[in-house]
Amino acid sequence: MKTRLVSAPLVRQAADGWLIFAFQDEPVLVPGADPVSRRLARMLKDWRARHGFNGRLHQVAVIPAWDALPARAVILAGLGKKKDFHIARLGQAAAAAARTLRKHRLASLAVSLRPPERPAELTPERYAETLTAALHYGHYAFTRYLSDDEDGPEQRLPDLVLADAPRSAALARRVADTAAASGILKEVRDLANLPANEAPPAAIADAARALARKHRVSCRVLDKAALQRKGCRALLAVGRGSRHEPRVILLSYPGTQRKQKPVVLVGKTITFDTGGISIKSGKGMEWMKYDKCGGMAVLAAVLMAARLRLPRPVIGMLAAAENMPGGDATRPGDIVRAYSGKTIEILNTDAEGRLVLADALALAAEYKPAAIVDLATLTGASIVALGHVLSAVMGNSPDIVEQLRRAGETTGERLWPLPLLPEYDEDIKGAFSDLKNIGDRGAGTIIGGTFLRHFVPESIPWAHLDIANTAYEESAKPYCPAGPTLFGARLLVEWLRQL
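A quick note: this is a predicted structure, and the numbers were derived from the prediction, not measured.

### Some points on helix H2 (residues 87-104)
Between its first and last C-alpha atoms H2 spans 26 Å; for 18 residues at 1.5 Å apiece the expected length is 26 Å, and the two agree. With 13 of 18 residues buried, H2 lies mostly within the body of the structure. Where H2 terminates, the next one or two residues include Arg 105, which has phi positive at roughly 55°.

Here it is as structure tokens:
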């Protein structure tokens, strides 16, 4: 996708499509009093009256322009009710429009950076960044395994014209950076979409190495022998039932200010999760190829940080294993000594994510970082608590939790803080070990975070994002196909940028 910033208004752009957003049950406002603007306003008013377009969220209409306008068509995208507006809704509306562009094979799109009803908090920079990222996100399709894809396996992104743009080097740089970062997200999304038979831990490590080399990030991989020497027995316990050996993948971006303390990002990367001996039910288990999405978001975030040349050094750690019920699999009741020295009784082998993270977090602490943030598809309880709208965030530092929440408000990846009170520790105190890997009395998402807290020194600010409810979509939505969302990747980059 080629992107151009032009100062001329939208109605002067010769493009296949003009994108206009509309609030629900509100008139569609068109800037300008010139003949083309008046003609466009009449067309939109007539179309809404005839076809029942009311601007509800995710609603998209394509209006043929015939010879009345310089564009072939006008794309109307609904934002929902004005009182409920959030930047996440703008992103979803733009992504839904991109899905429509793909369907209609439009080669170019123009959109105004100064629409009449742009919320005041959205500067042209934020508006342009949101639109650019959303159009890339919505246009994505994973077609590698389709023998006959009518939609076109490599359909090119439409060229984008951002009209009514102020003359600003900062704006141009932000748009170029967003487009480049979106390209990285696509590469990692393709990796995240691979099925478990093609993406065991070793293959994920190879792919991460290749991407790191391409984007000038250093990469080191700890194999099973190295993990055994270190004593990462909690992580190794998860992979014992699989013939595919675990890996820890270490990515390092030195930052432009190398003397700063690094931030360590840790991602749960379970390449497939059967539940192990505590096996899951068969229904829906195929979606467990996306139990690696925490690691995929971390991989994308580190690569994007390098592409954007952020000041802060960043280390990414992907704790990769496959959880299978093989002959050597860990049994309920087994006790292991984690890398930190703490012992864990594994009462449920399907609570495996916290085991791989226990060792990864302890390894992360050895970098003496400024902060640690982990992302994990950790608990189904997060779906019960928050549905599929927000993800849970918790940690040992209110400051870092609030920083991440604010970053999510900026990118549209919204977080909701949950408490980690000392009272929850009683639920994971072991009878035969220091800790047990599940609790007894509900609060599943909080218990997962409580367990992880024991593997991070109190002196290091740490936050845990449980993205089990937002990491992937089990069915196509108007704004994205089924599959991984890479929730958290853009949020982490925005947080790093603010640091």
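### Side note on the sheet that holds strand S16 (residues 435-436)
Strand order in the open sheet formed by three strands is S11-S12-S16, with mixed pairing between adjacent strands. The strands lining the two open edges of the sheet, one partner per strand, are strand S11 (334-337) and S16. Summarising the sheet, S11 and strand S12 (residues 343-346) pair through four bridges and their orientation is antiparallel. Among the inter-strand pairings, Val 336 is bridged to a residue of S12, identified as Ile 344.

### Observations regarding the sheet that holds strand S2 (residues 17-22)
Pairing within the open sheet is mixed, and its six strands lie in the order S1-S6-S5-S2-S4-S3. Of all strands in the sheet, those with a lone pairing partner are strand S1 (3-5) and strand S3 (60-64), marking the two edges. The average undirected angle you get between the axes of adjacent strands in this sheet is 25°. In the sheet, S2 pairs with strand S4 (residues 73-78) via six bridges, with the strands oriented parallel. Looking across to S4, one finds that Leu 19 is bridged to Ile 75. On top of the sheet, helix H1 (residues 35-51) reaches S2, S3 and S4; it is set at about 125° to S3, its chief contact.

### Looking at the pattern of salt bridges
Under the defined criterion, the tally for this structure stands at 25 salt bridges. Residue Asp 427 pairs with Arg 441 through a salt bridge whose shortest N-O separation is 2.8 Å. Separated by 14 residues along the polypeptide, Asp 427 in the loop between strand S15 (415-417) and S16 and Arg 441 in the loop between S16 and helix H12 (444-453) bring together distant segments of the chain. The exposure class assigned to Asp 427 is buried, which follows from its relative accessible area of 5%. Connected through salt bridges with shared partners, the residues Glu 129, Arg 174, Glu 494 and Arg 497 form a single ionic network.

### Examining the nonpolar core
Leu 265, Leu 404 and Trp 495 are the most contacted members of the largest nonpolar core, which totals 63 residues. If one sorts the elements of this core by residue count, helix H8 (residues 293-307) sits on top with 12 residues. Not counting residues within four places of it along the chain, the set of residues in contact with Trp 495 comprises Val 263, Leu 265, Ala 371, Val 373, Ile 400, Gln 403, Leu 404 and Ala 407. Among the nonpolar cores identified, the runner-up in size contains 48 residues, and Leu 235, Ile 315, Met 317 and Ala 376 belong to it.

Rules of the game
Residues numbered from 1 in each chain as written. Predicted model: local features only at pLDDT ≥ 70, side-chain atom pairs only at ≥ 80, totals over all residues. Heavy atoms only, no water. Helix = DSSP H or I, 4+ residues; strand = E, 2+ residues; numbered from the N terminus. Expected span 1.5 Å × (residues − 1). Buried < 20%, exposed > 50% of the residue type's maximum accessible area, 1.4 Å probe, protein only. Pairing = 2+ DSSP bridges. Axes fitted to C-alpha atoms, helices over the stretch in contact; angles between N-to-C directions. Contact = heavy atoms within 4.5 Å. Salt bridge = Lys/Arg side-chain N within 4 Å of Asp/Glu carboxyl O. Core = buried A, V, L, I, M, F, W, Y, C linked by side-chain atoms within 4.5 Å.

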